[in-house]
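What the coordinates show
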Amino acid sequence: MRTIRMLAVVDPELCTGCTICDRVCPTLAIVTDRKAHLAAVEADRCSGCPACEQRCPEGAIHMVVREKPFDIGVQVLPGDRERVDALCRAARFHPEQLVCYCTGTRADEAAAAILQGAHTPEEISLRTGIRTGCTVECLQPMLRLLDAAGVRAEPPKGGWQWYGRTVTAWDIPESVKRRYAERGFYFDEDIEILERVVNAPSQEK
Amino acid sequence: MRPPIPPIPPRKSQYGIDPSLVRRRVAELPGITSLLAKDLFPELPDVLMPGPGGVPAVRRAAEAALAGVDMARIQPGHTVNVLASHHGFTLLGGEPYAEMLKAIKDVIQARTGCKNIRLRAGVGLRFRETEEYIRRHGLDRHFGDGKAIGIAPIDQAIPIETEIGTLYGIKKAYDADWIVHAHNSDVREVHFHRQVDRAVKPFGMSYARIETRSTYHQNLGPRAANFIARAIFDSPFVQGKFAFACFLAMSPNGIVGVDADRDLYALNDRITRSGCSLYGRMMTLFGEIDECIVALDFPCPVVYVFSAGVIYANFAGANTDLYDLELPLPAYTWYTEAFYGKAGRPLLPEIPSLNPAIKMCVHNYAWTGYPSAFFSEHIPTVIVGREQAELFDRDAQNSTYTRHARILDTTEEAMAYACRVTGTAKILIFDGAFGGINLSEPLAELLVKRAPEVSRRVDEELLPKWLRQRGIPVAA
């Protein structure tokens with residue numbers, strides 16, 4: 001569960017309609033009216049991350065404290081626990097593994113969101129809050145979970161929100177592992193640790 | 001006992017409280033003394049800074065190092081991007097690193113006739129941070145109008161084909177004919193890079209997009225992560241642009257010099273050796289501390305405040321040997337944090353706890369902009385000042401940081417509370433003091449007593465193992 005305290009607000013006097021804010025918003029909460037050269041924030045979709053404010057070249061966006069903070073989060077539905085855990089493990093995550101260090105989102109919550117119909121990283125972010133802190137480190141877990149669920153997500157057209165899935169420990173070619181084994185890269189040993197985590201018992205009662 | 005070393009002053013930034021609100025530094029309190037790093041370890045190298053030569057000495061060192069670099073491929077009509085990272089600006093106030101960047105620009109221009117030289121300064125998780133440094137150090141004026149900019153991992157991407165598949169860089173980092181990698185050898189995040197390819201890391205981090213950085217921190221594992229950086233650097237795309245590297249050469253006691261090379265891996269081997277030997281020595285000594293109160297008092301995020309080259313995040317793992325690659329998970333790294341379950345305990349029994357020597361943390365002054373709740377959740381933490389607590393409450397990366405902390409009004413009150421509750425008089429201050437450590441007298445006595453044996457152990461036992469694990473010849 002994440003409490004959304006902040007809201008992005010556009011200063012129309014300073015906004016030039018450059019569209020950078022709507023290209024970086026992880027929940028697609030900003031739309032730029034290209035004719036009016038003005039960005040607008042949809043308050044209900046804004047999760048309070050400062051991505052837009054931090055990249056606006058004109059300083060036209062400010063983060064303000066919401067008058068009415070609200071909570072977001074996804075619960076595992078009754079009877080869904082087995083499917084959720086299976087999806088996490090298929091993506092090689094422990095269900096209780098943290099997948100977003102800023103918001104404290106765990107793999108099972110992101111997986112539950114997918115099973116409840118969130119089929120893009122942006123929709124998972126909107127429902128769980130994942131990727132609305134630093135907006136940097138938790139993209140790949142979402143893409144891995146979507147892949148494991150058989151969902152083929154496409155990046156937002158024209159956006160910079162994300163571009164694609166990347167390699168995991170299990171994909172590193174053997175030739176690469178052999179070539180760099182003497183230089184301090186412990187590929188197989190790390191896989192062993194990651195797999196032990198995936199299969200560790202749950203702590204949740 | 002020596003008087004305290006003046007701490008790095010508070011800095012005006014959108015990521016920290018206003019400097020006027022930092023009413024007292026911990027080093028100003030009674031009973032605080034200092035140790036010079038070189039008094040603890042006489043074998044540490046002599047440094048340019050702190051020293052009487054000051055920033056001009058760094059400038060001369062940069063020019064001398066660059067004199068040995070072949071720049072013949074850069075033509076007058078070409079474009080050059082000097083790639084920098086935020087971390088350099090946290091070293092000794094940032095001016096030495098800024099001066100090195102200016103020297104790189106000036107030398108390239110003088111040697112090659114190239115005039116279109118830009119600065120692209122990457123960041124961690126505070127996307128405006130290098131913009132602040134660019135203005136503060138006059139880099140915008142030095143590079144010319146619009147040529148010095150900050151770049152962030154959510155900026156437009158450029159795909160880079162590597163031997164492990166497509167990874168993504170920041171397009172503006174690579175929008176030139178040539179790139180110059182301008183960095184430093186301060187070890188900083190040993191918990192992440194484990195002193196493996198430290199020199200290469202920005203290619204997977206501050207010059208990289210979120211796809212790549214997420215791969216580093218979520219997809220590969222704690223000891224394979226930094227291979228991402230090597231994969232990008234070795235790609236034909238980057239190799240086709242790479243001109244040379246220029247690094248501030250660092251030691252826990254200051255700036256040793258400037259190292260420049262067209263062969264980044266040769267430079268990397270040199271800093272692997274110095275990182276293990278010099279910083280490994282200091283970290284091993286900090287691992288000897290049996291109990292203490294930690295005071296954070298530095299203009300950067302909680303994890304990055306530092307004392308004699310050791311950051312708080314690494315002291316939080318000083319109960320383990322961060323340099324030993326046989327240890328898969330340090331007490332703190334993001335993989336470790338990820339592997340704490342819902343009951344607040346590690347999912348695997350062998351994951352070490354955070355350094356039990358840290359009895360309490362007094363957060364006198366540190367910035368937002370890095371997820372730090374793990375620390376306040378697992379280490380008793382006192383935050384000084386309501387304004388600072390409120391700043392953290394508004395930070396999207398730290399929405400639960402203060403939930404686990406106590407908030408007190410003054411530095412004096414917080415330190416007195418910490419001493420009373422923990423019962424220890426040992427205090428270690430992370431305030432970036434140049435050349436040494438500010439600390440309490442009982443802790444100073446302990447470190448002075450333990451340093452000679454640590455030195456012997458590092459030289460005879462640990463360093464040979466650390467170098468062997470990284471493929472570096474043990475004999476220099």
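Since the model is a prediction, treat every value here as computed from it, not as a measurement. (Residues numbered from 1 in each chain as written. Chains lettered and ligands numbered in written order. Predicted model: local features only at pLDDT ≥ 70, side-chain atom pairs only at ≥ 80, totals over all residues.)

Describing unusual backbone geometry
The peptide bond linking Met49(B) to Pro50(B) adopts the cis configuration, its omega dihedral lying at 0 degrees. As for its placement among the helices and strands, Pro50(B) is situated in the loop between α1 (37–40) and α2 (54–67). Residues other than glycine seldom take positive phi values, yet Arg92(A) does so here, at roughly 65 degrees. Among the secondary structure elements, Arg92(A) is positioned in the loop between α3 (81–90) and α4 (107–115). For Leu92(B), which is not glycine, the phi dihedral falls at a positive 50 degrees. Following the sequence through the fold, Leu92(B) ends up in the loop between β2 (79–85) and α3 (95–112). Here Leu92(B) falls in the buried class, since 22 other C-beta atoms lie within 10 Å of it. (Helix = DSSP H or I, 4+ residues; strand = E, 2+ residues; numbered from the N terminus. Buried ≥ 20, exposed ≤ 12 C-beta atoms within 10 Å, placed from the backbone.)

Overview of the sheet that holds strand β10 (residues 292–301) of chain B
Backbone hydrogen bonds are what pair the strands of a sheet, in a parallel or an antiparallel way. All names here are of chain B. Across the sheet, which stays open at both edges, the seven strands sit in the order β1-β17-β16-β10-β13-β14-β15 with mixed pairing between neighbours. Two strands in the sheet have a free side with no partner beyond their single neighbour: β1 (32–36) and β15 (405–408). Ignoring which end each strand starts from, the neighbouring axes of this sheet average 25 degrees apart. Bridge analysis of strand β13 (residues 358–367) against strand β14 (residues 381–384) gives three bridges, and the strand direction is parallel. Considered in β14, the bridge of Cys 361 is made with Thr 381. (Pairing = 2+ DSSP bridges. Axes fitted to C-alpha atoms, helices over the stretch in contact; angles between N-to-C directions.)

Some thoughts on the pairing of strand β16 (residues 427–430) of chain B
All names here are of chain B. Here β16 shows a buried face lined by Ile 427 and Ile 429 and a second buried face lined by Leu 428 and Phe 430. Note that β10 and β16 share four bridges and pair parallel. Across the sheet, Val 294 pairs through a bridge with Leu 428, a residue of β16. Of the pairings in the sheet, the one linking β16 to strand β17 (residues 436–440) comprises two bridges and is antiparallel in character.

Let's talk about the environment of Thr90(B)
Within the secondary structure, Thr90(B) sits in the loop between β2 and α3. When the C-alpha positions of Thr90(B) and Tyr417(B) are compared, they lie 30 Å apart, and in sequence the two are 327 residues distant.

Examining the domain arrangement of chain A
Residue and element names in this part refer to chain A. By the assigned domains, chain A splits into domain 1 (2–72) and domain 2 (81–166). Relative placement of domain 1 and domain 2: their C-alpha centres are 22 Å apart. Listed by partner, the interface residues are 12 residues for domain 1 and 16 residues for domain 2. Among the residues forming the side of domain 1 that touches domain 2, the class breakdown is six nonpolar, three polar and three charged. (Domains from an automatic or database assignment. Contact = placed C-beta atoms within 7 Å. Nonpolar A, V, L, I, M, F, W, Y, C, P; charged D, E, K, R; others polar.)

Here's the deal with helix α16 (residues 441–469) of chain B
Residues and elements named next belong to chain B. Largest kink in α16: about 50 degrees, centred on Val 458. When we look at burial in α16, the residues that qualify are Leu 443, Ala 444, Leu 447, Ala 451, Val 454, Val 458, Leu 463, Trp 466, Leu 467 and Gln 469. Buried residues along α16 sit against β1, α1, α10 (264–286), β10, β16 and β17. A positive phi of about 70 degrees marks Gly 471, the residue just after α16. (Bend = angle between axes of the 7 residues up to and from the residue.)

Here we look at the confidence of the model for chain B
Chain-level statistics for chain B give a pLDDT mean of 97 and a share of 100% at 70 or above. Predicted complex, confidence summary: ipTM 0.98, pTM 0.97. (pLDDT = per-residue confidence, 0-100.)

Points about the sheet that holds β2(B)
Residue and element names in this part refer to chain B. Spatial strand order, β4-β3-β2-β7-β8-β9: six strands in an open sheet with mixed pairing. Only two strands of the sheet have a single partner each, and these edge strands are β4 (148–150) and β9 (254–261). For this sheet, the mean angle separating the axes of adjacent strands, direction not counted, is 20 degrees.

Considerations on the interface of chain B and chain A
The interface of chain B with chain A comprises 55 residues on the first partner and 57 residues on the second. For the side of chain B that touches chain A, the secondary structure elements donating two or more residues are β5 (157–162), β6 (165–170), α7 (210–219) and α12 (334–338) of chain B. Considering each element in turn, the side of chain B that touches chain A owes the most residues, nine residues, to α7(B). Residues that form the side of chain B that touches chain A fall into these classes: 28 nonpolar, 16 polar and 11 charged.

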